[in-house]
Amino acid sequence: MTNSRPWIPYLLILPSVAFLALLFVVPLVQTIWLAVSDNGAPSLANAERMVTDINFTRSVKNTFLLTIAVVPVQIAIALAMGTMVAKVGRGRETILWIWTIPLGISDLAAGLVWLSILQNTGYLNSLLFGLGIIGRQASWLSYQTPVALFIAIAVAEIWRGTAIVMVIIVAGLNQVPKEFKEAAEIFGAGPWTRFWRITLPLIRPALQSALILRTVLAFEVFAVVYALGGRNFPVLVGEAYNWQNQNQNYSVAAAYAVLIMIISLAATLIYLKALKVDPERLP
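Everything numeric in this text was worked out from a predicted model, so none of it was measured. (Residues numbered from 1 in each chain as written. Predicted model: local features only at pLDDT ≥ 70, side-chain atom pairs only at ≥ 80, totals over all residues. Heavy atoms only, no water.)

A. How the structure looks around the packing of helix α8 (residues 178-186) against helix α9 (residues 191-202). Close contact between α8 and α9 brings their axes to 11 Å; oriented N to C, the two are set at 165°. Regarding the angle of α8 to α9, the classification is roughly antiparallel. Regarding α8 and α9, the two cross each other, and that crossing is right-handed. Contacts from Phe180, Lys181, Ala184 and Glu185 of α8 reach α9 at Arg194, Ile198, Thr199 and Leu202. Of the residues belonging to the contact of α8 with α9, the class tally is 4 nonpolar, 1 polar and 3 charged. (Axes fitted to C-alpha atoms, helices over the stretch in contact; angles between N-to-C directions. Helix = DSSP H or I, 4+ residues; strand = E, 2+ residues; numbered from the N terminus. Parallel < 35°, antiparallel > 145°, perpendicular 65-115°, else oblique. Left-handed = near helix turned anticlockwise from the far one by under 90°. Contact = heavy atoms within 4.5 Å. Nonpolar A, V, L, I, M, F, W, Y, C, P; charged D, E, K, R; others polar.)

B. Layout of empty space enclosed by the protein. Tallied over the full model, the rule gives 1 cavity of 30 Å³ or more. Of the volumes computed, that of the largest cavity is approximately 60 Å³. Lining the largest cavity, in full, are Phe222, Val225, Tyr226, Gly230, Arg231, Phe233, Pro234, Val235, Gly238, Glu239 and Asn242. Here the element with the most residues in the lining of the largest cavity is helix α12 (residues 236-245); it accounts for 3 residues. Here the lining of the largest cavity is built from residues that sort into 6 nonpolar, 3 polar and 2 charged. (1 Å grid on protein atoms, 1.4 Å probe; cavity = no way out; pocket = protein on both sides within 12 Å on 5 of 7 lines; lining within 4 Å. Points joined across faces, edges and corners; volume = space filled by probe spheres on them.)

C. Up close: helix α7 (residues 146-173). Compared with the 40 Å implied by 1.5 Å per residue over 28 residues, the 38 Å span of α7 between its first and last C-alpha is a close match. The largest bend in α7 amounts to roughly 40° and is located at glycine 161. (Expected span 1.5 Å × (residues − 1). Bend = angle between axes of the 7 residues up to and from the residue.)

D. A nonpolar patch on the surface, seen in detail. On the surface, Phe19, Leu20, Leu22, Leu23, Phe24, Val25 and Val29 cluster together to form a nonpolar patch covering roughly 730 Å² of accessible area. Relative to the helices and strands, leucine 20 is located in helix α1 (residues 8-35). (Patch = residues over 30% accessible without salt bridge, like charges linked within 9 Å, V, L, I, M, F, W, Y side chains within 5 Å. Areas by Shrake-Rupley, 256 points an atom, 1.4 Å probe, with all protein chains shown as cover. Salt bridge = Lys/Arg side-chain N within 4 Å of Asp/Glu carboxyl O.)

E. Seen up close, unusual backbone geometry. For glutamine 248, which is not glycine, the phi dihedral falls at a positive 55°. Within the fold, glutamine 248 resides in the loop between α12 and α13 (250-274). The exposure class of glutamine 248 is partly exposed, given its relative accessible area of 48%. (Buried < 20%, exposed > 50% of the residue type's maximum accessible area, 1.4 Å probe, protein only.)

F. View of the environment of proline 9. Take proline 9: it is sitting in helix α1. Taking the relative accessible area as the measure of exposure, proline 9 reaches 39% and is therefore partly exposed. Residues proline 9 and arginine 90, 81 residues apart in the sequence, show an inter-C-alpha distance of 46 Å.

G. Quick peek at the UniProt feature "transmembrane region" (unreviewed entry) in the protein chain. As recorded in UniProt, the feature "transmembrane region" (unreviewed entry) lies at residues 63-84, 96-117, 147-173, 211-229 and 249-272. Secondary structure across residues 63-84 divides into 100% helix and 0% strand, with the first and last C-alpha atoms of the span separated by 31 Å. Between the end C-alpha atoms of residues 249-272 there is a gap of 35 Å, over a span that is 96% helix and 0% strand. (UniProt positions renumbered as here; feature names shortened; annotations may be inferred.)

H. Quick peek at the layout of surface pockets. Roughly 590 Å³ of internal volume is contained in the largest pocket. Around the largest pocket sit 18 residues that line it, and Thr83, Ala86, Lys87, Lys181 and Thr199 are the ones nearest its centre. For the lining of the largest pocket, the elements supplying multiple residues, two or more each, are α3 (56-86), α8 and α9. For the lining of the largest pocket, the element with the most residues is α9, which contributes 5 residues.

This is the structure:
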């Protein structure tokens, strides 16, 4: 059938190609051109204005620090949660459902939840004051307490984003053959040895996917930061938002967007290089 009509496969994928071109490729090209042009001519003026912005250095620093602080913790917690779930018999689905509740909460809603906990009149201060631990309301989200603000944002991001990492890790753990673990037990390998020598290498594809996804999303963090810190904790996406909405300068905002894309692509390439997946070693 397809030999006589070789155009049929191309016709079948045409809708998806058109969809991607319309909603991804065209806006991407327009954004890149907007970032590298000025009055219709190629120019680096937007990039120069971006890097000379007063908040540029702080936003880059905060974004990278937040990514470095959040992603490893999320991977470690997701590995622990996935390992626990793998050993649970009855009630496994219920546990997974409870742990994935944050996936159903939007980024901004998650930020507002933590704002209600950590603001001056929030639940945390009320609890500490009621227990007599503090004598007056403590400020956790002020520019005067940058460390507390950073920790608060990191904790909120870890709570919000760990669930998706856990789902990927659990999917990878389900692909590990039980025969491998049973053989290791027969030869006297302990739980820690089995984890490092068998489980971890075999779930490398899942780890690779989880790291890429969470790192890219960490570089694009905005809503939680905006809800908790506002302008007190500038990040790259937040600066792009401010340049577009407050300054009405779409070109500099596009320059920020292109920078975020370049950083995300670089991180993805590093993960693909560092965590090479050998198809011959997969179960």
